[in-house]
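Architecture and fold: a report
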Amino acid sequence: MLTLYHAPQSRSSRIVWLLEELGADYDIAYMNIVRADGSGAADAGNPHPDKKVPALVHDGELVTESTAIMLYLTDLFPDAALAPQVGKAGRGAYLTWLAYYSGVMEPVLNHQFVGLDGHEGLARTFRSRKELDARILGTLEGAPYIMGEAFTAADLLFASLGHVVREMLPAGDTVDAYLARCADRPALAAARAKDSPPSA
Ligand SMILES: N[C@@H](CCC(=O)N[C@@H](CS)C(=O)NCC(=O)O)C(=O)O
């Protein structure tokens with residue numbers, strides 16, 4: 001039994017997209033959250049320790065953090081071929097991109113958002129927006145997807161960011177075309193139809 005604790009138009013929307021890509025049988029528990037503008041409220045029914053989304057419960061086991069949920073689900077559904085499995089070629093790159101997203105990309109983009117881009121100490125640890133853009137662009141200039149020829153859950157993570165705020169990824173035609181390719185997936189349309197509760 002899989003339950004996703006989700007709030008519309010938030011970081012949990014990409015987990016709905018992933019669950020659709022996987023063809024999973026799952027429930028969505030729609031949550032109220034505190035939004036960036038201060039609206040909304042923490043939901044007493046949310047199992048996330050910080051009352052954030054996404055949170056996933058699988059047979060009583062709680063998983064939080066987008067990248068941990070991605071890894072958990074792509075391991076749970078190996079036949080969906082959305083990620084290289086343990087022992088297969090590309091597994092190292094897959095883990096690297098997931099960790100890079102949460103360990104480098106989110107911090108660098110958030111530092112920039114609050115005006116801390118250029119902070120020497122932070123740049124030493126995380127590097128800068130310029131280096132982040134060069135890494136992503138260098139990868140996508142050589143292949144249609146972040147891991148090469150095939151769409152993986154790593155693309156879903158990166159593209160979901162660019163679909164919501166285009167400026168979060170490098171400017172230019174290469175990334176525009178990449179985002180359009182990822183947006184074309186039927187599972188994304190199915191996920192968007194479920195993003196808000198049926199009565200909303
Ligand atoms: N690192 C977390 C971030 C989760 C997160 O910040 N979610 C936001 C929605 S986009 C949230 O739930 N905010 C509610 C709050 O801050 O109370 C992840 O990727 O899962």
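Residues numbered from 1 in each chain as written. Predicted model: local features only at pLDDT ≥ 70, side-chain atom pairs only at ≥ 80, totals over all residues.

1. Regarding the pairing of strand β1 (residues 2-6)
Basically, it comes down to this: For two strands to be treated as a pair, DSSP must find at least two bridges joining them. Strands here are runs of E lasting at least two residues and helices are runs of H or I lasting at least four, both read from the DSSP assignment and numbered beginning at the N terminus.
Here β1 runs beside strand β3 (residues 55-58); their pairing, made up of four bridges, is antiparallel. Counterpart to T3 in the pairing with β3 is V57. Relative to strand β2 (residues 27-30), β1 is paired through four bridges, and the arrangement is parallel. When the sheet's bridge partners are listed, H6 is paired in β2 with Y30.

2. So, the domain arrangement of the protein chain
Reports often express the size of an interface as the amount of accessible area lost when the parts come together. Quick note on the threshold: Boundaries of every domain are those given by an automatic assignment or by a domain database. Contacts are defined on C-beta atoms placed from the backbone: any two residues whose C-beta positions lie within 7 Å are in contact. Any residue that is not Ala, Val, Leu, Ile, Met, Phe, Trp, Tyr, Cys, Pro, Asp, Glu, Lys or Arg is counted as polar, Gly included; the first ten are nonpolar and the last four charged.
Splitting the protein chain by domain gives domain 1 (2-82) and domain 2 (91-186). The C-alpha centroid of domain 2 is placed 21 Å from the C-alpha centroid of domain 1. Taken together, the twelve residues of domain 1 in the interface contact nine residues of domain 2. Of all elements in the fold, only α1 (13-22) and α2 (66-76) reach the threshold of two or more residues within the side of domain 1 that touches domain 2. Looking at side-chain class alone, the side of domain 1 that touches domain 2 contains five nonpolar, four polar and three charged residues.

3. Observations concerning the environment of F77
To keep things clear, this is the line we draw: As a rule, residues whose C-beta atom has 12 or fewer other C-beta atoms within 10 Å are exposed, those with 20 or more are buried, and those in between are partly exposed; C-beta atoms are placed from the backbone.
With respect to the helices and strands, F77 occurs in the loop between α2 and α3 (91-113). A count of 18 C-beta atoms within 10 Å places F77 in the partly exposed class. Between the C-alpha atom of F77 and that of V53, which follows or precedes it by 24 residues, the distance is 22 Å. With near-sequence residues (within four places) excluded, F77 lies in contact with L22 and A24.

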